[in-house]
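Listed below are the residues making up each chain.
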Number of protein chains: 2
Amino acid sequence: MTDQTEAEHAEAMKALQAERRELMRTKTEERGLLIVNTGDGKGKSTAGFGMVARALGWGQRVGIVQYIKGKWITGERQFFRKFPDQVRYEVMGEGFTWDTQDRARDIAAAEAAWATSLEMIADPTLDLVLLDELNIALRYDYLDIHAVVAGLVARPEGKHVCVTGRNAKPELLAVADLVTEMTLVKHPFEQGVKAQRGIDF
Amino acid sequence: MTDQTEAEHAEAMKALQAERRELMRTKTEERGLLIVNTGDGKGKSTAGFGMVARALGWGQRVGIVQYIKGKWITGERQFFRKFPDQVRYEVMGEGFTWDTQDRARDIAAAEAAWATSLEMIADPTLDLVLLDELNIALRYDYLDIHAVVAGLVARPEGKHVCVTGRNAKPELLAVADLVTEMTLVKHPFEQGVKAQRGIDF
């Protein structure tokens, strides 16, 4: 790259620009997307919250249901709860499942969270609904995957829904528009560093 | 999973809880992390902005340098600029490189952005510095990778720095604490859907 002349660089960039314009020309549709962030790496929920920030920047309204992180005080909750006019924020889970050890209670919590999720998905004043860690509830079969998929597919036109959590089920991936897998390449837990405010929660 | 009895479930969760506690017991260190979000998928910058939201929720202060997205109006910029006391937000790039077609100008813009980045990294009032799309500037050799790595490694103790962008260089990965690769599994561009407010920018 460093050996490229100015003229060669301009030429290469011109080709890239033409390619990009041609690509964008074919992309004309706007519609509500079903977005899934999954994988073992970090950034699944974090990217969900980044999307919330973007949406708020455009004056949109957002619904958030947290399925799992119930007991924790988190930076995201403390932050987004400052915008009650734009954000409906519901923490429905009771903590990680290994903390409750009570399957019946976990199922009841997941069902209540899903009922709230359906309410938000139907709410015409919300542009984006973030269902944080829904995949965990699905993985433990706290919710029926077919009922959840049906509810997501039946969302109103124009409504974006973002589902996060590792181990996304294939039935969900099949109906999603945008799927990203966050893969762990290197993690500081391996080096003895603990979860930290602002970074991990 | 559905065939598991209540007792079996509680037992399995108890084992997971014990495993988790043992893992957490060994994680005692707090320190400023060098975080890299890379890969071809979505969510690299978005997760960076989610981290910013988290940090703000804890009352922390954040610096943001955007290396590439200069000309665009973005949701993230409109949103985070509402918090001038907590966020220093600098848009330094001039748009995607294929829009400028001027290597000398791109290099000058990248160098100015890097100077501002170093200033933020040294600023003791900032807890987190997000260097959005720095990897793009490095990929095109607009900045010297060794100088950048040296600047990142020399950051003050306790300072978190998050670098985003595809094609992260191996020299950067080598000194990072936390690396996530965002992998594209399915993208709506493939289905003719265009970039949308709140989701893509």
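The name that an unreviewed UniProt entry assigns to chain A is Corrinoid adenosyltransferase, with the source organism given as Brevundimonas goettingensis. As stated in UniProt under Subcellular location (unreviewed entry), the record for chain A gives "Cytoplasm".

Trainee: So what exactly am I meant to see when it comes to the pairing of strand β6 (residues 178-186) of chain B here?
Mentor: Consecutive residues of a regular strand have side chains that alternate between opposite faces of the sheet. Relative to β6(B), strand β6 (residues 178-186) of chain A is paired through seven bridges, and the arrangement is antiparallel. The residue of β6(B) that forms the bridge with Lys186(A) is Val179(B). Here strand β1 (residues 34-38) of chain B pairs with β6(B) via four bridges, running parallel. Counted as the bridge partner of Asn37(B) is Thr180(B) from β6(B).

Trainee: Mind showing me how you'd approach the packing of aromatic side chains here?
Mentor: Geometry of an aromatic ring pair is reported as the spacing of the ring centres plus the angle between the planes. Within the structure shown, the criterion is met by 14 aromatic pairs over all chains. Arranged with centres 5.9 Å apart and planes meeting at 80°, the rings of Phe79(A) and Phe79(B) form a pair that is edge-to-face. With Phe79(A) in helix α3 (residues 75-80) and Phe79(B) in helix α3 (residues 75-80), this pair bridges two chains. Since its relative accessible area comes to 0%, Phe79(A) is described here as buried. With a centroid separation of 5.7 Å and 90° between ring planes, the pair formed by Phe201(A) and Trp58(B) is classed as edge-to-face. Within this pair, whereas Phe201(A) is found in the segment after β6, its partner Trp58(B) is found in the loop between α2 (44-57) and β2 (62-66), the two belonging to separate chains. On the basis of relative accessibility, which here comes to 17%, the residue Phe201(A) falls in the buried class. A cation over an aromatic ring shows up here: Arg139(A) above the ring of Tyr140(A), its NZ or CZ 5.6 Å from the ring centre.

Trainee: When you look at the relation of the copies chain B and chain A in this model, what are you seeing that I'm missing?
Mentor: The operation relating the pair of chain copies consists of a rotation about an axis and a translation along that axis. Once chain B is rotated about the relating axis by 180° and shifted along it by 0.0 Å, it coincides with chain A to within an RMSD of 0.0 Å. The relationship between the two copies is best expressed as a two-fold rotation axis. In this assembly, 100% of the residues forming the interface of chain B have copies in chain A that are likewise at the interface, indicating an isologous arrangement.

Trainee: Help me understand the interface of chain B and chain A, please; the structure alone is not making it clear to me.
Mentor: Quoted interface sizes are often the accessible area lost when the parts come together. Contacts between the two partners involve 86 residues from chain B, matched on the other side by 87 residues from chain A. For the pair chain B and chain A, the summed buried surface comes to about 8,000 Å²; carbon and sulfur atoms form 59% of the total. Among the ionic pairs, Glu76(B) bridges to Arg54(A), the shortest N-O distance being 2.7 Å. At the junction of chain B with chain A, the criterion picks out 22 residue pairs in polar contact (both at pLDDT 80 or more). Here the side of chain B that touches chain A gets eleven residues from one element, more than from any other, and that element is α2(B). Class assignment for the residues of the side of chain B that touches chain A results in 38 nonpolar, 25 polar and 23 charged.

Trainee: Help me understand the packing of helix α5 (residues 103-122) of chain A against helix α7 (residues 145-153) of chain A, please; the structure alone is not making it clear to me.
Mentor: To describe two helices that pack against each other, one gives the angle between their axes and the distance between the axes. Residues and elements named next belong to chain A. Contact pair α5 / α7: the axes reach a minimum separation of 10 Å and the direction vectors enclose 15°. Put simply, α5 runs roughly parallel to α7. Crossing geometry of α5 relative to α7 is assigned as left-handed. Residues Trp-114, Leu-118 and Ile-121 of α5 form the contact with α7, whose own contacting residues are Ala-147, Val-148, Gly-151 and Leu-152. Split by residue class, the contact of α5 with α7 holds six nonpolar, one polar and no charged.

Trainee: I would appreciate a short explanation of the state of the cysteines in the present structure.
Mentor: Note on terminology: a disulfide is the covalent bond linking the sulfur atoms of two cysteines. This model, assessed by the stated rule, comprises zero disulfides over all chains. Not engaged in a disulfide, the cysteine Cys162(A) finds its nearest cysteine sulfur in Cys162(B); these two sulfurs lie 18 Å apart. Overall, the relative accessible area of 1% leaves Cys162(B) in the buried class.

Trainee: I would appreciate a short explanation of the environment of Gln86(B) in the present structure.
Mentor: All names here are of chain B. Turning to its location among the elements, Gln-86 is positioned in the loop between α3 and β3 (87-91). Residues Gln-86 and Val-153 lie 67 residues apart in sequence; the distance between their C-alpha atoms is 24 Å. The residues touching Gln-86, leaving out its near neighbours within four places in the chain, are Leu-56, Gly-59, Gln-60, Arg-61 and Val-62. Engagement of the side chain of Gln-86 in a polar contact is seen with the backbone oxygen of Leu-56, the distance being 3.3 Å.

Reading guide: rules and limits
Residues numbered from 1 in each chain as written. Chains lettered and ligands numbered in written order. Predicted model: local features only at pLDDT ≥ 70, side-chain atom pairs only at ≥ 80, totals over all residues. Heavy atoms only, no water. UniProt positions renumbered as here; feature names shortened; annotations may be inferred. Pairing = 2+ DSSP bridges. Helix = DSSP H or I, 4+ residues; strand = E, 2+ residues; numbered from the N terminus. Phe/Tyr/Trp six-rings, centres within 6.5 Å; stacked < 30°, edge-to-face > 60°. Buried < 20%, exposed > 50% of the residue type's maximum accessible area, 1.4 Å probe, protein only. Lys NZ or Arg CZ within 6 Å of the ring centre and 35° of its normal. Least-squares fit on C-alpha atoms with pLDDT ≥ 70 in both. Contact = heavy atoms within 4.5 Å. Buried area = accessible area lost by both parts, 1.4 Å probe. Salt bridge = Lys/Arg side-chain N within 4 Å of Asp/Glu carboxyl O. Polar contact = N/O pair within 3.5 Å; in protein donor to acceptor, adjacent residues only side chain to side chain. Nonpolar A, V, L, I, M, F, W, Y, C, P; charged D, E, K, R; others polar. Axes fitted to C-alpha atoms, helices over the stretch in contact; angles between N-to-C directions. Parallel < 35°, antiparallel > 145°, perpendicular 65-115°, else oblique. Left-handed = near helix turned anticlockwise from the far one by under 90°. Disulfide = S-S within 2.5 Å.

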